[in-house]
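Listed here are the chains, written in short residue letters.
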Amino acid sequence: MRLDRRQFMAGAAALAVAGGALVLSGNGDTPMPEAVDTARGAALYAENCASCHGADLEGQPDWRSPGPDGVMPAPPHDRTGHTWHHGDGMLFDYTKLGGAETLKRMGVTGVKSGMPGFGDSLTDAEIRAILAFIKSTWPERERELQRRRTLAEQMKGN
Ligand code: HEC
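Residues numbered from 1 in each chain as written. Predicted model: local features only at pLDDT ≥ 70, side-chain atom pairs only at ≥ 80, totals over all residues.

Describe the site of the ligand, with residues and values.
What surrounds the ligand is a group of 24 residues, the closest being Cys49, Cys52, Gly99, Gly114 and Met115. Within the residue set of the shell around the ligand, elements represented by two or more residues are helix 3 (50-53) and helix 4 (88-97). Tallied by class, the residues present in the shell around the ligand amount to 12 nonpolar, 12 polar and no charged. (Near = placed C-beta within 6 Å. Helix = DSSP H or I, 4+ residues; strand = E, 2+ residues; numbered from the N terminus. Nonpolar A, V, L, I, M, F, W, Y, C, P; charged D, E, K, R; others polar.)

Requested: an account of the nonpolar core, with residues and values cited.
Tyr45, Ala129, Ile130, Leu131, Ala132, Phe133 and Ile134 are the most contacted members of the largest nonpolar core, which has 13 residues in total. Those elements that place two or more of their residues in this core are helix 4 and helix 6 (124-136). Element by element, the count of residues in this core is highest for helix 6, at 7 residues. (Core = buried A, V, L, I, M, F, W, Y, C linked by C-beta atoms within 7 Å. Buried ≥ 20, exposed ≤ 12 C-beta atoms within 10 Å, placed from the backbone.)

Requested: an account of unusual backbone geometry, with residues and values cited.
The phi angle at Leu57 is positive, at roughly 60°, despite the residue not being glycine. Among the secondary structure elements, Leu57 is positioned in the loop between helix 3 and helix 4. Backbone geometry at Asp62 places phi at a positive 50°, although glycine is not the residue there. Within the fold, Asp62 resides in the loop between helix 3 and helix 4. Judged by the 10 C-beta atoms lying within 10 Å of it, Asp62 falls in the exposed class.

I'd love a proper account of the confidence of the model for the protein, names of residues and values included.
Scored by pLDDT, the protein has a mean of 85; 77% of the residues are at 70 or more. Looking over the protein, one finds the lowest element-wise mean pLDDT in helix 1 (residues 2-27), namely 50, and the highest in helix 3, namely 98. Across residues 15-32 the pLDDT falls below 50, and counting only partners more than four positions away or on other chains, this stretch makes 1 contact in the model. (pLDDT = per-residue confidence, 0-100. Contact = placed C-beta atoms within 7 Å.)

This is how it looks when you write it as structure tokens:
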């Protein structure tokens, strides 16, 4: 009797583990829509962003130091930059509204931003496709950290 119960518990635990794995894989990226988005995003990136952020997302030279005019150069969007430090909401706003407006809304003033806003030339869906492409170039660790940053951002109601 006791053995049966233990066997039952072991079986239940195994099921729970299997269930957890299923839920986890269900939460992962769905490959199809992302594949479609990233191809479109890559083309839009080349057209709209590569002139400053680099054809290979490498950013401008010496991007950590301001230029003579006090404006920061464009940072890389690959893993060597800090794009993955920011949640989806911030990245979206930065692209749509531009640096000056986004920083102003965050309460940061007195920064001369070299990042233009694309709200007039790109649709929201196009901006999301570009960001999806940028994210698709990051290794899993950076993608995971950025995903968590997005969740934290959403909990703050941003
Ligand atoms: C005219 C040059 C220029 C173009 C074109 C440009 N950017 Fe930027 N971008 C910058 C600069 C300069 C910064 C540095 C931050 C600042 O000065 O506000 C920046 C910063 C950013 C940031 C915030 C920093 C980061 O890495 O998280 C994002 C996101 C961004 N750009 C996305 C884009 C996207 C997407 C495009 C294309 C749709 C684009 N940029 C096109 C110049 C540009």
